[in-house]
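# Descriptive analysis of the structure
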Amino acid sequence: MRKSFYITTPIYYVNDVPHIGHAYTTIAADIVARYKRLTGYDVFFLTGTDEHGHKVEKSAEAFNERPIDLANRVVKRFQDLWIRLTISNNDFIRTTDEGHKQAVQSLFKKALDNGDIYLGYYEDWYCTPCETFWTQNQLHEGKCPDCGREVEKLKEESYFFRMSKYQNDLLTHIRNHPEFIQPESRRNEIISFIKEGLRDLSVSRTSFHWGVPVPGNDRHIVYVWIDALINYISGAGYLNDPDKFARYWPADLHLIGKDILRHHTIYWPTFLMSVSVPLFKKTFAHGWWTNEGKKMSKSLGNFIEPVKLIDDYGVDQVRYFLMREVPFGLDADFSHKAMVNRINSDLANDLGNLFNRSLVMTSKYFEGTVPARGQGNNRLMDIQEKTFIQVENAFNELAFQKALIAIWELVSAVNKYIDETAPFTLAKDEGKKGELSMVIYNILDALRVITLFVFPFMPATAEKMWDGLGIKEKITQQDLSQKYRWGDLPPGAELKKIPPLFPRIL
Ligand code: MSP
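Our subject in this report is the structure included herewith.

Where a strand is regular, its side chains alternate between the two sheet faces. The element strand E1 (residues 4-13) is extensively covered by neighbouring structure, given that nine of its 10 residues are classed as buried. With helix H1 (residues 20-38) bridging E1 and its parallel neighbour strand E2 (residues 42-50), the resulting β-α-β unit is right-handed. Bridging between E1 and strand E12 (residues 253-257) involves two bridges; their strand directions are parallel. Paired with isoleucine 7 across the bridge in E12 is leucine 253.

Pasting the structure below:
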């Protein structure tokens, strides 16, 4: 049986339309999912929407509609965007799905029954935009320490989860599994936070209604974060598909932004411990994007809209830029100037030109047909192997930028090979026909390998390149861990004319 790989994105709140931050996490997850499929894994890639809670209820009131109508309207925006961004998720979960709600109730009951959830009284602060509880000491100048917005004083009956009970087990787990929280800096941050002492977590609310009722006491609704986190197992068949659950859980990777680290690395694993479900293998928290140096916010009205970016630059250009511009894990600043530079230099110049001139040469010297296989070029073969190792390692560390840099070294090596072998000179000499054929074959075969490497990042472009190379087998059926080697391009294949891959931006 093939090895499985389960990857998730956060599920997005439906109180707002999608922006570049949401697209960022989802594109990164898509790239990993595609890479894993391409290297032989049976992948399950889950994304979805977080539809309950006070924030969504309030937004719906402001729009004068029912929360479910708001959710139904906004969920379309996310789903449409994922199609435009060529996201290859295998499923899409909504927390308003019946099956999910049942899983939430069943797990909540399990923790109630084992004594880890008890009824008490909550009297402290709450940040509705973050849907997060705070103590007086944690506030910064009376505001939410995460987002800086107003908090409100809550005073209500609430169920509590005995999170404190799991403090030591969690610390031990984190210590014994260095990969559990990544990057390293985030791991250290969480270790210090836990060492300060975990308090029991308030896990129900009574002052509004939009959510999953607590089993046996429907005056309470389940805290939206507990509801939301459970999507990762309910969406993998926890309650109703044991085979699927056994195949994919524990998740290999929860990809998240740095703002929701604590929820994923403290609330979630301690809750899983309580209900006796094994812990996920890894969480990786990426940084935040600002827009031309400014934090994106509603008040500034400066959210970068992914659809607008795609319209202006093209979907693969956007995917490439977001992954190439900054190391994954660090904060990043978006600027149009940087975007245009990347498109013109890396994409149009380096990759686009290489592809284009190689096809032109083949059509000129071999009537557009892949010539006979001669002998591989040692230098190119070495670089292909090195690239594969570097890309594998980069994917293990979620270092997308490193992977792209390695792939572009291969692009430069092929450009250099063309300059050194000078096919245009060879073509002038009838006696060098054999050599010319070998050189052109090697160039085209290297392009085949580059196309495979590029595919997870820029799937539509890679499909075009694949088509241009005249290969009949589907790109999605290739196994990159074998096919990075020289010589798989079938001689005799007819190349196809394709328009320039990346038009220059003036
Ligand atoms: N609903 C919760 C997640 C529940 S997961 C069980 C939530 N949703 S969200 O819609 O507010 O945000 C989801 C993701 O978008 C987070 O990973 C967050 O980091 C990311 N981003 C939101 N703004 C961002 C930027 N400006 N830059 C990069 N990512 C950002 O939180």
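What follows concerns the site of the ligand. In the region of the ligand, 24 residues are neighbours, and Ile11, Asp50, Gly257, Asp259 and Trp289 sit closest. A distance of 3.3 Å separates an oxygen atom of the ligand from a polar atom in the side chain of histidine 22. Here glycine 257 contributes a backbone N or O atom positioned 2.9 Å from an oxygen atom of the ligand. Among the detected pockets, the ligand sits in the largest pocket. Going through the elements one at a time, E1, H1, helix H7 (224-229), helix H8 (231-234) and E12 are the ones with two or more residues in the shell around the ligand. When residues in the shell around the ligand are grouped by element, the largest group, four residues, is from E1. Here the residues of the shell around the ligand are counted per class, giving 13 nonpolar, nine polar and two charged.

The strand order across the open sheet built from four strands is E5-E4-E6-E8, with neighbouring strands paired in antiparallel fashion. Looking at strand neighbours, the two that pair on one side only are strand E5 (132-134) and strand E8 (201-202), the edges of this open sheet. Relative to E5, strand E4 (residues 117-127) runs antiparallel, the two being bridged by three bridges. From the neighbouring strand, tryptophan 125 faces E5, where its bridge partner is tryptophan 134.

Moving on to the layout of surface pockets. Of the pockets and cavities examined, the largest pocket occupies roughly 1600 Å³. As for the largest pocket, its lining consists of 50 residues, of which Lys55, Pro129, Arg149, Asp259 and Trp288 are closest to the centre. Counting only elements with at least two residues in the lining of the largest pocket, the list comes to E1, H1, helix H2 (54-62), helix H6 (184-195), H7, H8, helix H10 (261-274) and strand E14 (289-291). A per-class count over the lining of the largest pocket returns 20 nonpolar, 16 polar and 14 charged. In this structure, the second largest pocket spans a volume of roughly 360 Å³. Lining of the second largest pocket is provided by 19 residues; of these, Phe133, Thr135, Gln138, Phe193 and Arg199 occupy positions nearest its centre. Only E5, E8 and H10 provide two or more residues apiece to the lining of the second largest pocket. The class makeup of the residues in the lining of the second largest pocket is 10 nonpolar, five polar and four charged.

Here is what the cut-offs are and how they apply
Residues numbered from 1 in each chain as written. Predicted model: local features only at pLDDT ≥ 70, side-chain atom pairs only at ≥ 80, totals over all residues. Heavy atoms only, no water. Buried < 20%, exposed > 50% of the residue type's maximum accessible area, 1.4 Å probe, protein only. Helix = DSSP H or I, 4+ residues; strand = E, 2+ residues; numbered from the N terminus. Right-handed = clockwise from strand over helix to strand, strands pointing away. Pairing = 2+ DSSP bridges. Near = heavy atom within 4 Å. Polar contact = N/O pair within 3.5 Å; in protein donor to acceptor, adjacent residues only side chain to side chain. 1 Å grid on protein atoms, 1.4 Å probe; cavity = no way out; pocket = protein on both sides within 12 Å on 5 of 7 lines; lining within 4 Å. Sits in = over half its atoms within 2 Å of the grid points. Nonpolar A, V, L, I, M, F, W, Y, C, P; charged D, E, K, R; others polar. Points joined across faces, edges and corners; volume = space filled by probe spheres on them.

The quantities given are spatial measurements derived from coordinates; they are silent on function.
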